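Remarks on the overall topology
Listed here are the chains, written in short residue letters.
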Amino acid sequence: YFGSRSQAPAPTPTASGTGGPQSGFPVGATGPDGGIVANPTTAKAGAPTLDIYEDFQCPACGQVEQALGSTIKKMADAGEVKVIYHMKNFLDANLNNDSSTRAGNAAACAADAGKFPAYHDAIYANMPAQEGMGYTDAQLEKVAGTAGITGSALTTWKQCVSNKTYVDYVKRVEESTAKAGITGTPAFRVNGKDFKLQDQQVTSAEDFRTKVLAAGK
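Thresholds applied
Residues numbered from 1 in each chain as written. Predicted model: local features only at pLDDT ≥ 70, side-chain atom pairs only at ≥ 80, totals over all residues. Heavy atoms only, no water. 1 Å grid on protein atoms, 1.4 Å probe; cavity = no way out; pocket = protein on both sides within 12 Å on 5 of 7 lines; lining within 4 Å. Points joined across faces, edges and corners; volume = space filled by probe spheres on them. Helix = DSSP H or I, 4+ residues; strand = E, 2+ residues; numbered from the N terminus. Nonpolar A, V, L, I, M, F, W, Y, C, P; charged D, E, K, R; others polar. Disulfide = S-S within 2.5 Å. Buried < 20%, exposed > 50% of the residue type's maximum accessible area, 1.4 Å probe, protein only. Phe/Tyr/Trp six-rings, centres within 6.5 Å; stacked < 30°, edge-to-face > 60°. Pairing = 2+ DSSP bridges. Right-handed = clockwise from strand over helix to strand, strands pointing away. Salt bridge = Lys/Arg side-chain N within 4 Å of Asp/Glu carboxyl O.

What about the layout of surface pockets?
The space that makes up the largest pocket amounts to roughly 250 Å³. Lining of the largest pocket is provided by 14 residues; of these, Arg 102, Asn 105, Asp 137, Val 161 and Ser 162 occupy positions nearest its centre. For the lining of the largest pocket, the secondary-structure elements that each account for two or more residues are α3 (99-112), α5 (137-146) and α6 (151-162). The class makeup of the residues in the lining of the largest pocket is five nonpolar, three polar and six charged.

Looking at the state of the cysteines
By the definition in use, this model includes one disulfide. Residue Cys 109 pairs covalently with Cys 160 via a disulfide, S to S 2.0 Å. Here Cys 109 and Cys 160 share a disulfide; its torsion about the S-S bond, -80°, makes the bridge left-handed. Placement of Cys 109 in helix α3 and of Cys 160 in helix α6 is noted, with a sequence separation of 51 residues between them. This pair shows no difference in class: Cys 109 is buried, exactly as Cys 160 is.

Things to note about the packing of aromatic side chains
Each pair of aromatic rings is reported with the distance of its centres and the angle of its planes. Per the counting criterion, the structure on display carries six aromatic pairs. Between the aromatic rings of Tyr 85 and Phe 116, the centroid separation amounts to 5.8 Å while the plane-to-plane angle is 55°, which identifies the pairing as tilted. Pair noted here: Tyr 85 is in strand β3 (residues 82-88) and Phe 116 is in helix α4 (residues 116-125), with a separation of 31 residues, a long-range link. Note on accessibility: Tyr 85 and Phe 116 belong to one class, buried. The structure contains a cluster of three or more aromatic residues connected by ring pairs, namely Phe 188, Phe 195 and Phe 208.

A look at the pairing of β3
Across the seven residues that make up β3, a large majority, six, are buried. With two bridges connecting them, strand β1 (residues 36-37) and β3 associate as antiparallel partners. Bridge pairing in β3 places Val 37 opposite Ile 84. By the bridge criterion, seven bridges tie strand β2 (residues 49-55) to β3 in an arrangement that is parallel. Paired with Leu 50 across the two strands is Val 83, which belongs to β3. Following the backbone out of β2, through helix α1 (residues 59-77) and into the adjacent parallel β3, one traces a crossover that is right-handed.

Overview of the pattern of salt bridges
Within the structure shown, the criterion is met by nine salt bridges. With its nearest N and O atoms 2.9 Å apart, the salt bridge here joins Arg 189 to Asp 51. Placement of the pair is Arg 189 in strand β4 (residues 187-190) and Asp 51 in strand β2, with a sequence separation of 138 residues. Residue class for Arg 189 comes out buried when judged on its relative accessible area of 4%. Owing to a relative accessible area of 0%, Asp 51 belongs among the buried residues under this scheme. Here Glu 80 makes a salt bridge to Arg 209, at a shortest N to O gap of 2.6 Å. Here Arg 209 lies in helix α8 (residues 205-215) and Glu 80 lies in the loop between α1 and β3, a separation of 129 residues in the sequence. On the basis of relative accessibility, which here comes to 22%, the residue Glu 80 falls in the partly exposed class. The exposure class assigned to Arg 209 is partly exposed, which follows from its relative accessible area of 24%.

The following block contains the structure:
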């Protein structure tokens, strides 16, 4: 049903902090090289953790987001799972550009505005038609508007992006996940255990939900 370039999963960082420019990692991140929690206010106590590893230039990630994104959002909104996104940038080297890093930085800046999930979804809804075309700064700014970042929040977001506030954070996420064996995307894990779509024989979005919740018990 789904193709995946995932490898062994990385452990969830356990460090915590408020995040923000002074911290060196975005609001909602679990630590200096940790992923960003998409639903910190809705995740129920004891809900399984669904870690998702993506690269914003990854076509397979876009395909999986198109197929599963709305279901993952519903699960997150209902508090059935705690969703954590880890933004990798290894495709920059493969494609000889810096779009994964810049998009990751822009998404992290959106997290400071409380708009990470919306920005994340909007990027995948506006992926380049061809892998390697990358994102222009204008495209990333347009995505911010689509995500609902406006007014003073947009001014702050632009400054965050211009200052490359979270470029080093994106690089740390890539390094920590790569050291743990994740060299391809998309990749999933549930409560610290590898969850490969092919191995799980996921046949539909609802089947994904069922199997993720079963794996989290």
